[in-house]
Each structure stands twice: as C-alpha cells, then as structure tokens.
Amino acid sequence: MRVLRSLPIAFLLMATTVKAEMGLTVEGFVTHWYSLFDSNAPVEEFLKVLANEELEVILPEATLRSHQDFKNWYSGIQERIKTASHEVISFDYFRFKDHWRVNLDVIWRATEYSGKQHYLRTDQIWDIHLKPSGYIISKYIVNVKNGGQENYPPNACQLKKSL
C-alpha cells in the first residue's frame, strides 16, 4: 500500500483540499458509504453513488458489474444481516487525472437475524470519480486479510465506527 507521506507536498495539498460539489471530502464520502451499510439504507441510496456503466465490485462472495447485480446482492444482505458496522483502521488516497484511488483497511462486524456473529478484516481498494452529482464509485475491491477465515473475538458484538 502506498503511503501518502511519500508523495510530494504539493500533490498532498491538492489531494486533501479538493471537494465534491456536494460538499463532501473523500473522507466524508467514505464515511457516508459505510453509514449506508451500517443503517441498512435502501438500495437506491447506494445506486446513487455507484457507476451505472463500467462498474466493478469484487467481493469475497461475488463480482458485481451492474446496478442490477448490486440490487440482487444487497437484497441477500438485507435478508440475512440484522446489524453491521465498519471500522476504518487505516485510510489513504491519492488523485489521478480523472479519479481518486482510495486504500482502506476495514473491520466489518455483523450479526445475522439468526444471532450468528461475523468479524472480518479486509483491505479495500476503490476508484471514485467526481461527477456533477458528486462522487461515484467505479471500482470497489475487497480482499480478505485473514485468509478467508472469519474471527470471533470476545468483543465482536461491540459495534463501533470510526474514520
């Protein structure tokens, strides 16, 4: 993972001061995205910030390439997951000519309606573009850090979110 400190200071200033028309910074957009999951938001809220064309969402359990794919996947999530939270452990991003690359280390905690608990640590890579409506995700890749095995630490029920 590339560390922001290794980039030239002028580049860092540009990357950290650019804001979307909707007033969100990249950090604010990331927080907004996770808040949608953590509040069980309607699928339409996600579709507003997902590319309609050339979408690539690679998850451990599925690859999604369209809004319909996302709707189908999220429907299954809503049927199974009662509560969830995302804790951002590390976060960096840098700007290219036409998009931002975001790198995250995230802990996902969830409880199913059946009571089963999940704890998963992931590396995530996003590509986001600035459109007139705001930030749009075109690429969203989730890589499991713990070899695909979920862990259930004693405090896995404590739901917390930070960025």
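Just so we're clear, the structure is a prediction, and the values are computed from it rather than from any experiment.

Description of the confidence of the model for the protein chain
Thinking step 1. Of the residues in the protein chain, 75% have a pLDDT of 70 or more, and the chain-wide mean is 81.
Thinking step 2. Low pLDDT (under 50) marks residues 1-22, which in the prediction has 34 contacts with non-local residues, meaning those over four places away or in another chain.
Thinking step 3. In the model, residues 152-163 has pLDDT below 50 throughout and makes 27 contacts with residues more than four positions away in sequence or in other chains.

Remarks on the side chain of glutamate 87
Thinking step 1. Considering the arrangement of structural elements, one finds glutamate 87 in strand E3 (residues 81-95).
Thinking step 2. Residue glutamate 87 is classed as buried on the basis of its relative accessible area, which comes to 9%.
Thinking step 3. Reaching out from glutamate 87, the side chain makes a polar contact with the side chain of arginine 109 at a distance of 2.9 Å.

Considerations on the pattern of salt bridges
Thinking step 1. On inspection of all chains with the given rule, the structure shows nine salt bridges.
Thinking step 2. The partner of aspartate 105 in a salt bridge is arginine 121, and the shortest N-O contact between them spans 2.6 Å. Separated by 16 residues along the polypeptide, aspartate 105 in strand E4 (residues 100-112) and arginine 121 in strand E5 (residues 117-131) bring together distant segments of the chain.
Thinking step 3. Since its relative accessible area comes to 6%, aspartate 105 is described here as buried.

A few points about the sheet that holds E5
Thinking step 1. Pairing within the open sheet is mixed, and its six strands lie in the order E2-E1-E6-E5-E4-E3. Each edge of the sheet is formed by a strand with only one pairing partner; in this case those strands are strand E2 (63-64) and E3.
Thinking step 2. Taken together, the twelve bridges between E4 and E5 define a ladder with antiparallel strand orientation. From the neighbouring strand, valine 102 faces E5, where its bridge partner is tryptophan 126.
Thinking step 3. Sheet strands in contact with helix H2 (residues 26-38) are E3, E4, E5 and strand E6 (134-144), and its direction is about 165° off that of E3.

How each quantity is defined
Residues numbered from 1 in each chain as written. Predicted model: local features only at pLDDT ≥ 70, side-chain atom pairs only at ≥ 80, totals over all residues. Heavy atoms only, no water. pLDDT = per-residue confidence, 0-100. Contact = heavy atoms within 4.5 Å. Helix = DSSP H or I, 4+ residues; strand = E, 2+ residues; numbered from the N terminus. Buried < 20%, exposed > 50% of the residue type's maximum accessible area, 1.4 Å probe, protein only. Polar contact = N/O pair within 3.5 Å; in protein donor to acceptor, adjacent residues only side chain to side chain. Salt bridge = Lys/Arg side-chain N within 4 Å of Asp/Glu carboxyl O. Pairing = 2+ DSSP bridges. Axes fitted to C-alpha atoms, helices over the stretch in contact; angles between N-to-C directions.

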